[in-house]
Amino acid sequence: MFNESLKQLSKRLAKKEISSVELTTEFLERIKKFNPEFNAFITIDEEKTLTQAKQADQKIASGDTGPLTGIPVAQKDIFCAKGWLTTCGSKMLSNFVSPYDAGVIERFDQAGAVNMGKTNMDEFAMGSSNETSFYGPVRNPWDVAAVPGGSSGGSACAVAARMVPAATGTDTGGSIRQPAALCGISGIKPTYGTVSRYGMIAFASSLDQGGPMAKSVEDLAILLNVMTGFDQRDSTSLQREKEDYARDLEKPLSGLRIGLPKEYFAKGMSSDVEKAVEQALDQYRKLGAETVEVTLPNSPLSIPVYYVLAPAEASSNLSRFDGVRYGYRTQIYQDLGDMYRKTRAEGFGVEVKRRILIGTYVLSHGYYDAYYIKAQKLRRLIAQDFKHAFSQCDVIMGPTAPTVAFDLGEKSSDPIQMYLSDIYTSAASLAGLPGMSIPIGFGDKNRPVGLHIIGNYFAEARMLNIAHQYQMATDWHQRMPGI
Ligand code: GLN
């Protein structure tokens, strides 16, 4: 049962073949069995979880059901959940029990979903391998020597190892898509502003966006239907009519124009990844799509631009934990050394400290124009490249990550190599565009490869359609690690 789709599980619940308590217990057993080795969860609270399952069973008995009623879902530990320890992977928050629910948590609760616990993540979502978590690294269930990706690595691992049927993630520069790719699951970062950031601990507020991670694209559509919607408590939440993301899943793909950015297919991608991507594109051609070359001339700059803007926003957020006042355009920390000593004393990990230093530097007097303003201008140019590309194609495809999952420790001492993990994902983040990753096979050492699909603003239903049709023609998404 643990490999079944959300629809199948929901059907079993509706037919009363199984109760939510039974279903939840089955997954809790899997968590108990696998989590000691994989470390995908920071917090598990059986009592809380089973209380929710019981409530879901009451809902089902009264006929008040939706597609997620009684379905177990794990929550990334970046989402505040009332009464739950909410750490964001940091020592800084290691005793923070949230007094309130994030908008996303409220929505899952209202839908009758069962919170299976809080998943491990890179500290404050800063990382691509889950190695920056205060709670220790997460292992990749396909190969315990490998990282699961990050920052939503706990969620990706939990879904891949079938410890839960679905989970949430957040993506600032690639943190849903890259771990989804490295763990062989599906994940989508919707258009910026679609999912509420209320109660989602901020990393870089102009980039952060929540989204679902699951075994299949059909599951993603069901989860996205619950997660999205206007929230007045989030100032960048978009006021749009509610849509059904599953509405176009079955549409045929004839006439689809897939844009292949020449910059993505140049150097950088490893040959095993390239081979899997080419095979996936062949499959798309069989499904009636045509491929056209497009160009995103500024996208090679997306990593440097991201690593100016994201740390700049992060340093402003994190300084709050330190009780430090911060204001744009002011020379706040003349002495970066003081800041460093202060944060070190108060318990941030090394990557967070690095980000605070970079962020403080690029915002400081004399460097603001040279770095921050320039990066903002380039951000606009990166977005304009996509606008132009989407006049020639319906979606853009390429690899999600340049390599398959790397080994634990392989890149942790080399920040630049680590940052390059997001070379293909960060541009869509900077532009606020939706992006997703689906499994398309295996590369070196039999580790999973993901296909990255970028759509135009609000094209989620179309992207899900395109990805679902691929999954109907292939079975990569049904493969599971031999654990
Ligand atoms: N890997 C990127 C970083 O470290 C992106 C992380 C994310 O999307 N949260 O900043």
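Description of the structure in this document.

**With respect to the pairing of strand β5 (residues 186-189)**
Here β5 shows a buried face lined by Ser186 and Ile188 and a second buried face lined by Gly187 and Lys189. Pairing between β5 and strand β6 (residues 209-214): two bridges, direction antiparallel. Residue Gly187 lies in a different strand from β6, and its bridge partner there is Met213. Sheet topology note: the β5/strand β10 (residues 435-442) ladder contains three bridges and is antiparallel. Of the residues in β10, the one forming a bridge with Gly187 is Ser437.

**A word on the nonpolar core**
Of all hydrophobic cores here, the largest spans 144 residues; its most connected members are Tyr284 and Phe386. By residue number, the principal contributor to this core is helix α9 (residues 302-318), which donates ten residues.

**Some words on the packing of aromatic side chains**
Evaluated as defined, the whole model comprises 15 aromatic pairs. Taking 3.8 Å as the distance between ring centres and 10 degrees as the angle between the ring planes, the aromatic pair formed by Tyr307 and Tyr419 counts as stacked. On the criterion of sequence distance, the pair formed by Tyr307 in helix α9 and Tyr419 in helix α13 (residues 415-419) is long-range, its members being 112 residues apart. Using a relative accessible area of 9% as the deciding quantity, one classes Tyr307 as buried. Aromatic ring contacts, followed pair by pair, group Trp142, Phe442 and Trp476 into a single cluster. Between the NZ or CZ atom of Arg30 and the centre of the ring of Phe2, over which it lies, the distance is 3.6 Å. When the ring centre of Trp84 is taken as reference, the NZ or CZ atom of Lys48 above it lies at 5.5 Å.

**As for the site of the ligand**
The environment of the ligand is formed by 15 residues, the closest being Thr172, Gly173, Ser175, Tyr306 and Asp422. One of the backbone N or O atoms of Ala125 is found 2.8 Å from a nitrogen atom in the ligand. The separation between an oxygen atom of the ligand and a polar side-chain atom of Arg355 is 2.7 Å. Computed on the free molecule, the ligand has an accessible area of 290 Å², of which 100% lies beneath the protein chains in the complex. The class makeup of the residues in the shell around the ligand is five nonpolar, seven polar and three charged.

**Concerning the environment of Ala202**
Assignment of secondary structure puts Ala202 in the loop between β5 and β6. Exposure remark for Ala202: the relative accessible area of 22% places this residue in the partly exposed category. When the C-alpha atoms of Ala202 and Thr65 are compared, they prove to be 33 Å apart, with 137 residues separating the residues in sequence.

**Describing unusual backbone geometry**
The peptide bond linking Gly150 to Ser151 adopts the cis configuration, its omega dihedral lying at 10 degrees. Along the chain, the position of Ser151 falls in the loop between β3 (114-119) and α5 (153-160). Of note in the backbone geometry, Cys88 takes a positive phi value of approximately 55 degrees without being a glycine. Locating Cys88 in the fold gives a position in the loop between β2 (72-76) and α4 (103-110). In this model, Phe124 sits at a positive phi of 55 degrees, which is unusual for a non-glycine residue. Residue position: Phe124 is located in the loop between β3 and α5. Classification of Phe124 by relative accessible area gives buried; the value is 1%.

**What about the pattern of salt bridges?**
Two side chains that carry opposite charge are able to pair once their charged atoms sit near each other. Evaluation of the coordinates by the stated rule reveals 24 salt bridges. Residue Asp234 is joined to Arg197 by a salt bridge in which the shortest nitrogen-to-oxygen separation is 3.2 Å. Of this pair, Asp234 sits in the loop between α7 (217-227) and β7 (257-261) while Arg197 sits in the loop between β5 and β6, and the two are 37 residues apart along the sequence. We note that Asp234, like Arg197, is buried. Ionic pairing is found between Arg355 and Glu351, a salt bridge with its closest N-O pair at 2.6 Å. Linking Arg355 with Glu351, this pair stays in helix α11 (residues 350-363), spanning four residues, or about one helical turn. Residues Arg355 and Glu351 agree in their burial class; the two are buried. Via salt bridges that share partners, Arg240, Glu243, Arg247, Asp248 and Lys251 belong to a single interconnected network.

**Observations regarding the packing of α7 against helix α15 (residues 460-473)**
It is the contact of α7 with α15, at a shortest axis distance of 8 Å, that shows an interaxial angle of 155 degrees. Here α7 is positioned roughly antiparallel relative to α15, judged by the angle of their axes. For the pair α7 and α15, the contacting residues are Val217, Glu218, Leu220, Ala221 and Leu224 in the first and Glu460, Leu464, Ala467, His468 and Gln471 in the second. In terms of residue class, the contact of α7 with α15 is made up of six nonpolar, two polar and two charged.

**Details of the state of the cysteines**
Tallied over the entire structure, the rule returns zero disulfides. There is no disulfide at Cys80, and the cysteine sulfur nearest it, in Cys88, is 8.3 Å away. For Cys80, a relative accessible area of 3% gives the class buried. A disulfide-free cysteine, Cys183 has its sulfur positioned 6.0 Å from the sulfur of Cys157, the nearest such atom. Cys183 sits in the buried class, given a relative accessible area of 0%.

**Let's talk about the side chain of His468**
Mapped onto the elements, His468 comes out in helix α15. Setting aside its immediate chain neighbours within four residues, His468 contacts Val217, Glu218, Leu249 and Glu250.

**A word on helix α12 (residues 368-389)**
Side chains of residues three or four places apart in an α-helix project in the same direction, reflecting 3.6 residues per turn. Compared with the 32 Å implied by 1.5 Å per residue over 22 residues, the 31 Å span of α12 between its first and last C-alpha is a close match. For α12, the secondary structure elements touched by its buried residues are β8 (290-294), α9, α11, β9 (395-399), α14 (426-431) and β11 (448-455).

Cut-offs used in this document
Residues numbered from 1 in each chain as written. Predicted model: local features only at pLDDT ≥ 70, side-chain atom pairs only at ≥ 80, totals over all residues. Heavy atoms only, no water. Buried < 20%, exposed > 50% of the residue type's maximum accessible area, 1.4 Å probe, protein only. Helix = DSSP H or I, 4+ residues; strand = E, 2+ residues; numbered from the N terminus. Pairing = 2+ DSSP bridges. Core = buried A, V, L, I, M, F, W, Y, C linked by side-chain atoms within 4.5 Å. Phe/Tyr/Trp six-rings, centres within 6.5 Å; stacked < 30°, edge-to-face > 60°. Lys NZ or Arg CZ within 6 Å of the ring centre and 35° of its normal. Near = heavy atom within 4 Å. Polar contact = N/O pair within 3.5 Å; in protein donor to acceptor, adjacent residues only side chain to side chain. Areas by Shrake-Rupley, 256 points an atom, 1.4 Å probe, with all protein chains shown as cover. Nonpolar A, V, L, I, M, F, W, Y, C, P; charged D, E, K, R; others polar. Salt bridge = Lys/Arg side-chain N within 4 Å of Asp/Glu carboxyl O. Axes fitted to C-alpha atoms, helices over the stretch in contact; angles between N-to-C directions. Parallel < 35°, antiparallel > 145°, perpendicular 65-115°, else oblique. Contact = heavy atoms within 4.5 Å. Disulfide = S-S within 2.5 Å. Expected span 1.5 Å × (residues − 1).

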